[in-house]
Amino acid sequence: MKKYIAVTFLILFLFSLPVFGESVYTGAQAAILWDADQNTPLYNQNSTQRLPMASTTKIMTAIVALEQGEPDALVTIPEAAVGVEGSSCYLQQGEQLTLRSLIYALLLQSANDAAETIALYIAGGIEEFALLMNLKANELGLHNTHFDNPHGLDSKTHYTTAEDLAKLADYCMQNPTFCEIWSTTSIQLPLSQKENCAVLRNLYNHNRLLRTYSNCVGGKTGYTMRCGRCLVTAAQKDGHTLIAVTLNDRSDWSDHVRLYEYGFEKINQSEETAPWKKSAYKNMSPTAG
């Protein structure tokens, strides 16, 4: 009798296991796998739940800066941006860097001092820049997103959803300069001779998938104690572009790879019965510095 019960439980266990290509699971509080070619999710997990986003905030900071400013304009580092808490590239007052260099520091090094410098340069203040961020979110239909600052340090009314972050990343990837920057694995500042840096800075992208997953073409990390580990990445394969977002996920790196493998397999299976639009994104291969 005991043997019969044990066999029964074993069978039930085996049938309850997820089948690759049919289902996928993550350890995230919220997650989404977004098909950028079809503008639709391939996987949802609490994707409309409002949650804090940590430094994935800087995706919006970058696109607002690129659309409101001139990338090659020289920016003088103000005293107010020096010594901002959290991740930093240790900017010094009076240094002059191009806006482009600051966005590299923002997206690769996740530098909070670069985020504040950008906000002060573009809008004259943190609140004023946050207003631009929220106006852009509203323009894009990101109605479950609200920004209080350009870096993602904890704030009660600073939140987004996995779905909104995926849609934001999808929009940003239509900007060639944004794509070039967030797909870069490493680079050295200054980028040009006209920049007046106090020291040479070697920046390394915190998105390790650029080095460990061959299909990855960009992404942005985020972490605070309150937010947990947050990650937005993009991947391309056979002309298709997918975007993965996980919020509060201790196993984010492996979860993103699993999501992509699931998504690309699902696309391949679907192509047998329906045509798929080729990706509109170009020159998305990771670039080494």
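Residues numbered from 1 in each chain as written. Predicted model: local features only at pLDDT ≥ 70, side-chain atom pairs only at ≥ 80, totals over all residues. Heavy atoms only, no water.

For the chain, per-residue confidence averages 89 on the pLDDT scale, and residues scoring 70 or more make up 86% of the total. Every residue in residues 1–22 is under pLDDT 50, and counting partners more than four places away or in other chains gives 8 contacts. (pLDDT = per-residue confidence, 0-100. Contact = heavy atoms within 4.5 Å.)

Evaluation of the coordinates by the stated rule reveals 7 salt bridges. We note a salt bridge from Glu67 to Lys136, for which the minimum N-O separation is 2.8 Å. Here Glu67 is found in helix α2 (residues 58–68), whereas its partner Lys136 is found in helix α5 (residues 126–139), with 69 residues between them in sequence. On the basis of relative accessible area, Glu67 is assigned to the partly exposed category, the value being 37%. Judged by relative accessible area, which is 8%, Lys136 ranks as buried. One salt bridge connects Arg100 with Asp72, and the closest N-O pair in it is separated by 3.1 Å. Of this pair, Arg100 sits in helix α3 (residues 99–107) while Asp72 sits in the loop between α2 and β3 (74–76), and the two are 28 residues apart along the sequence. By relative accessible area, which is 21% here, Arg100 ends up partly exposed. A relative accessible area of 36% places Asp72 in the partly exposed class. When salt bridges with common partners are traced through the structure, they connect Glu67, Lys136 and Glu139 into a single cluster. (Salt bridge = Lys/Arg side-chain N within 4 Å of Asp/Glu carboxyl O. Helix = DSSP H or I, 4+ residues; strand = E, 2+ residues; numbered from the N terminus. Buried < 20%, exposed > 50% of the residue type's maximum accessible area, 1.4 Å probe, protein only.)

Moving on, we get to the nonpolar core. Ranked by size, the top nonpolar core spans 61 residues in total, and within it Met60, Ile103, Leu107, Ile118, Trp182, Ile243 and Val245 carry the most contacts. Filtering out sequence-adjacent residues up to four positions away, Ile103 remains in contact with Ala62, Ala65, Leu66, Ile118 and Ile181. Val24, Leu42, Trp253 and Tyr260 belong to the second-largest nonpolar core, a separate cluster that totals 20 residues. (Core = buried A, V, L, I, M, F, W, Y, C linked by side-chain atoms within 4.5 Å.)

Moving on, we come to the environment of Asn46. Here Asn46 shows up in the loop between β2 (40–45) and α2. Classification of Asn46 by relative accessible area gives partly exposed; the value is 46%. Between the C-alpha atoms of Asn46 and Ala28, which are 18 residues apart in sequence, the distance is 9.2 Å. When residues no more than four places from it in sequence are discounted, the contact partners of Asn46 are Gln29 and Ala30.

This paragraph deals with the sheet that holds strand β1 (residues 30–35). Pairing between the strands of a sheet is mediated by backbone hydrogen bonds and can be parallel or antiparallel. Pairing in this open sheet of 5 strands is antiparallel, and the strands run β2-β1-β9-β8-β7 from one edge to the other. Each edge of the open sheet is held by one strand with a lone partner, namely β2 and β7 (216–224). Strand-to-strand, the axes of this sheet are offset by a mean angle of 10°, without reference to chain direction. Bridging between strand β8 (residues 228–237) and strand β9 (residues 240–247) involves 8 bridges; their strand directions are antiparallel. Bridge pairing links Lys237 to His240 in β9. (Pairing = 2+ DSSP bridges. Axes fitted to C-alpha atoms, helices over the stretch in contact; angles between N-to-C directions.)

Along the chain, Leu189 connects to Pro190 via a cis peptide bond; the corresponding omega equals 10°. By the element assignment, Pro190 lies in the loop between β5 (186–189) and β6 (201–204). Located in the positive-phi region is Asn46, a residue other than glycine, with phi close to 50°. Non-glycine residue Asn248 carries a positive phi angle of around 55°. Considering the arrangement of structural elements, one finds Asn248 in the loop between β9 and α9 (252–270). For Asn248, a relative accessible area of 33% corresponds to the partly exposed category.

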